[in-house]
Amino acid sequence: MASAILKRTSPTCLLKSMADSLGITGGSWRSYAKVAVGTDIVSAAPGVSLQKSRTWDEGVSSKFSTTPLKDIFKGKKVVIFGLPGAYTGVCSQQHVPSYKNIIDKFKAKGIDSVICVAVNDPYTMHAWAEKLQAKDAIEFYGDFDGSLHKSLELHKDLSVALLGHRSERWSAYVEDGEVKVLNVEEAPSDFKVSGGEVILGQI
């Protein structure tokens, strides 16, 4: 099982930057996220809600409703994966398809829902899901202001790629709100531990 570890803004990161500037490499400069195996994901992100993917008109008619985390996770077996953003390379070409293409295998294991979440608005997520022809297999949610990822310490500053503050690339198996499996890539551009086949084998 992959470790739930990631880079965070801290004195350690400042040390790494100094080391990099001096040409010093090697060693581990990463620290643990707030979320981990055994975490109750609802309690770890109090008051956080997500926005289910939808058209603008659907948003208006629903009065821009949101979905509390307890409605997503409590009493259910859920596989959730987070990614840096809709329409980006690895996310579109590898990450989402890795779940879409084996959705029947997840259902066969009793998974109630497979969820994709990103720091995007729900309208972008809706259009992207349609483009990938994945909306019938996967539930797409927007974390429009990054509240979920910030609460779980799975956020990432990707300003270098003109994306601003986004998400790490990660996956989790959550049963009745409790995180049973958690995989976080070393870098958002990596696709080694967060794909569908990997977590399928961990359930």
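Everything quoted here is computed from the prediction, not taken from an experiment. (Residues numbered from 1 in each chain as written. Predicted model: local features only at pLDDT ≥ 70, side-chain atom pairs only at ≥ 80, totals over all residues. Heavy atoms only, no water.)

## Section: the sheet that holds strand E4 (residues 67–68)
Spatial strand order, E4-E3-E7-E6-E5-E10-E11: seven strands in an open sheet with mixed pairing. At either end of the open sheet lies a strand with only one pairing partner, and these are E4 and strand E11 (178–184). The pairing of strand E10 (residues 170–175) with E11 spans six bridges and is antiparallel. Bridging from a neighbouring strand, Val 174 pairs with Val 179 of E11. (Pairing = 2+ DSSP bridges. Helix = DSSP H or I, 4+ residues; strand = E, 2+ residues; numbered from the N terminus.)

## Considerations on the UniProt feature "active site" (unreviewed entry) in the protein chain
Mapped onto this numbering, the UniProt entry annotates "active site" (unreviewed entry) at Cys 91. One can find Cys 91 in helix H5 (residues 89–100). Cys 91 gets classed as buried once you look at its relative accessible area, which sits at 1%. Beyond its immediate chain neighbours, meaning those up to four positions away, Cys 91 contacts Leu 83, Pro 84, Gly 85, Val 96, Pro 97, Trp 128 and Arg 169. (UniProt positions renumbered as here; feature names shortened; annotations may be inferred. Buried < 20%, exposed > 50% of the residue type's maximum accessible area, 1.4 Å probe, protein only. Contact = heavy atoms within 4.5 Å.)

## Some details on helix H7 (residues 122–131)
If you check which residues of H7 are buried, you get Pro 122, Met 125, His 126, Trp 128 and Ala 129. If you check the start of H7, you find a side-chain oxygen 2.9 Å away from the backbone N of Tyr 123, and it comes from Asp 121. One or two positions beyond H7, positive phi appears at Gln 133, with a value near 50°. (Polar contact = N/O pair within 3.5 Å; in protein donor to acceptor, adjacent residues only side chain to side chain.)

## Looking at the pattern of salt bridges
Tallied over the entire structure, the rule returns five salt bridges. A salt bridge links Lys 74 to Asp 40; the shortest N-O distance between them is 2.8 Å. In this pair, Lys 74 is assigned in the loop between helix H4 (69–73) and strand E5 (77–83) and Asp 40 in the loop between strand E2 (31–32) and helix H2 (41–44), connecting sequence segments 34 residues apart. Of the residues examined, Asp 40 reaches a relative accessible area of 25% and is grouped as partly exposed. Of the charged contacts, one joins Lys 105 and Glu 197 as a salt bridge, the two residues approaching to 3.8 Å between their closest N and O atoms. With Lys 105 in helix H6 (residues 103–108) and Glu 197 in helix H9 (residues 196–200), this pair connects stretches of sequence that are 92 residues apart. The exposure class assigned to Glu 197 is partly exposed, which follows from its relative accessible area of 48%. (Salt bridge = Lys/Arg side-chain N within 4 Å of Asp/Glu carboxyl O.)

## Focus: the nonpolar core
Side chains that are nonpolar tend, in soluble globular proteins, to be buried together. With 26 residues, the main nonpolar core has Val 96, Phe 106, Val 114, Cys 116, Trp 128, Ile 138 and Phe 140 as its most contacted residues. Looking at this core, the elements that each hand over two or more residues are E5, H5, H6, strand E6 (113–118), H7 and H9. One finds Leu 69, Phe 73, Ala 172 and Leu 182 within the second-largest nonpolar core, a separate group that totals 24 residues. (Core = buried A, V, L, I, M, F, W, Y, C linked by side-chain atoms within 4.5 Å.)

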